[in-house]
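Below are the chains, spelled out letter by letter.
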Amino acid sequence: MKVLLVDDDRRLVASLSRGLEAEGFTVEAEHDGPGGLWRATEGSFDAIVLDIMLPGRNGFLVCRDLREAGDWTPILMLTAKDGELDESEALDTGADDYLVKPFSFVVLVARLHALMRRGSRSPAPVSVGDLTIDPRSRRADVGGRELALTAREFDVLEFLVHRAGESLSKRRILDGVWSDDFEGDPNIVEVYVGRLRRRLADAGSGVAIATLRGAGYRIEDG
């Protein structure tokens, strides 16, 4: 399991490197945006831990550059700032997950394992009925008309569409979208499913998110 750390806090990078290597990871590190971008494109990694506030080129731009170059290595973004707009921008530029400093090392390791289990996201569009999801542009269309979705709504919908026809429990959706260390109310999944149902209905889509009693949810062409 090979990880690239990109952070200008050298003490933090040294500490994380030691900890991750003790957990069985192979670690390489860079301390600025251009160096991180170069290392990511020159090497092969199972995951990238990328700070947002970097000298030379910030993490948002590095992440965007990698995605535009067709590199879909899972990216976990780090930031000292705590705000919904930061999370939204991180996800919109192509990051897979987001962690706010200061964070628990145990949580970081859990997030990395979750990202590695999910693997690289394919940028190819995928469709169910009249609904098309394009991971590269993070756009969802119904019959060619774009759905207005928040970053998290898109992530939940993308997770469902990539597993169309499957029965998906709340826990599986939480692990796949939020990460397996999520300690909040699992009913947050119901909230997002309800929002997506309204979005799809308002757009006149024939796609439905069915509730499977005792099992979870399944997206299907109604």
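Residues numbered from 1 in each chain as written. Predicted model: local features only at pLDDT ≥ 70, side-chain atom pairs only at ≥ 80, totals over all residues. Heavy atoms only, no water.

## Considerations on the pairing of strand β4 (residues 75-79)
Here is the rule we go by: We call a residue buried when its accessible area falls under 20% of the maximum for its residue type, exposed when it is over 50%, and partly exposed in between, using a 1.4 Å probe and counting protein chains only. In this description a helix means any DSSP run of H or I spanning at least four residues, a strand means any run of E spanning at least two, and both kinds are numbered starting from the N terminus. Strands are treated as partners if at least two bridges between them are detected by DSSP. The path from the first strand over the helix to the second decides the hand: if it runs clockwise while the strands point away from the viewer, the crossover is right-handed.
With five of five residues buried, β4 lies mostly within the body of the structure. Going residue by residue along β4, you find Ile75, Met77 and Thr79 tucked away on one face and Leu76 and Leu78 tucked away on the opposite face as well. Of the pairings in the sheet, the one linking strand β3 (residues 47-51) to β4 comprises four bridges and is parallel in character. Bridging from a neighbouring strand, Ile48 pairs with Ile75 of β4. Chirality of the crossover, the property in question, places the unit of β3, helix α3 (residues 59-68) and β4 among those that are right-handed.

## Things to note about the packing of helix α6 (residues 151-161) against helix α8 (residues 188-202)
Just so we agree on the cut-off: All axes are obtained by fitting lines to C-alpha atoms, using only the stretch in contact for helices, and the reported angles, taken between N-to-C directions, cover 0 to 180 degrees. Here is the rule for angles: anything less than 35 degrees is roughly parallel, anything more than 145 is roughly antiparallel, 65 through 115 is roughly perpendicular, and the remaining ranges are oblique. Contacts: residue pairs with any heavy atoms within 4.5 Å of one another. Here the nonpolar group is Ala, Val, Leu, Ile, Met, Phe, Trp, Tyr, Cys and Pro; Asp, Glu, Lys and Arg are the charged ones; every other residue, Gly included, is treated as polar.
Running from amino to carboxyl end, α6 crosses α8 at an angle of 90 degrees, the nearest separation of the two axes being 10 Å. Here α6 is positioned roughly perpendicular relative to α8, judged by the angle of their axes. Residue-level contacts link Arg152, Glu153, Val156 and Leu157 of α6 to Tyr192, Arg195, Leu196 and Arg199 of α8. Along the lines of polarity and charge, the residues of the contact of α6 with α8 split into four nonpolar, no polar and four charged.

## Some thoughts on the pairing of β3
Counting buried positions along β3 gives five out of five residues, so the element sits mostly inside the fold. A two-sided burial pattern is seen for β3, the buried positions comprising Ala47, Val49 and Asp51 on one face and Ile48 and Leu50 on the other. With four bridges connecting them, strand β1 (residues 2-6) and β3 associate as parallel partners. Its bridge partner being in β3, Leu5 is matched across the sheet by Val49.

## Notes on the environment of Arg195
Considering the arrangement of structural elements, one finds Arg195 in helix α8. Each C-alpha atom, one on Arg195 and one on His31, is 40 Å from the other, the two residues being 164 residues apart in sequence.

## Thoughts on the environment of Gly43
Relative to the helices and strands, Gly43 resides in the loop between α2 (33-42) and β3. Residue Gly43 is classed as partly exposed on the basis of its relative accessible area, which comes to 32%. The spatial distance from the C-alpha of Gly43 to the C-alpha of Leu5 is 13 Å, given a sequence separation of 38 residues.

## What about the domain arrangement of the chain?
Put simply, the rule reads: Domain borders in the structure are assigned automatically or taken from a domain database.
The domain boundaries assigned to the chain delineate domain 1 (2-120) and domain 2 (122-221). Using C-alpha coordinates to define each centre, domain 1 is positioned 25 Å away from domain 2.

## Notes on the sheet that holds strand β6 (residues 126-128)
The four strands lie next to each other as β6-β7-β8-β9, forming an open sheet whose pairing is antiparallel. Pairing within the sheet leaves two strands with one partner each, and these edge strands are β6 and β9 (145-146). Pairing analysis gives two bridges linking strand β8 (residues 139-142) to β9, with the strands arranged antiparallel. By the bridge assignment, Val142 is partnered in β9 with Arg145. Lying on the sheet, α6 is in contact with β6, β7 (131-134) and β8; it crosses β7 at an angle near 110 degrees.

## Some points on the UniProt feature "modified residue: 4-aspartylphosphate" (unreviewed entry) in the chain
For clarity, the threshold we go by: UniProt positions are given in the numbering used here, feature names are shortened, and annotations may be inferred rather than shown by experiment.
According to UniProt, the feature "modified residue: 4-aspartylphosphate" (unreviewed entry) maps to Asp51 in the numbering used here. When you line up the elements, Asp51 lands in strand β3. Those residues in contact with Asp51, other than ones at most four positions away along the chain, are Val6, Asp7, Asp8, Gly59, Leu78, Thr79 and Lys101.

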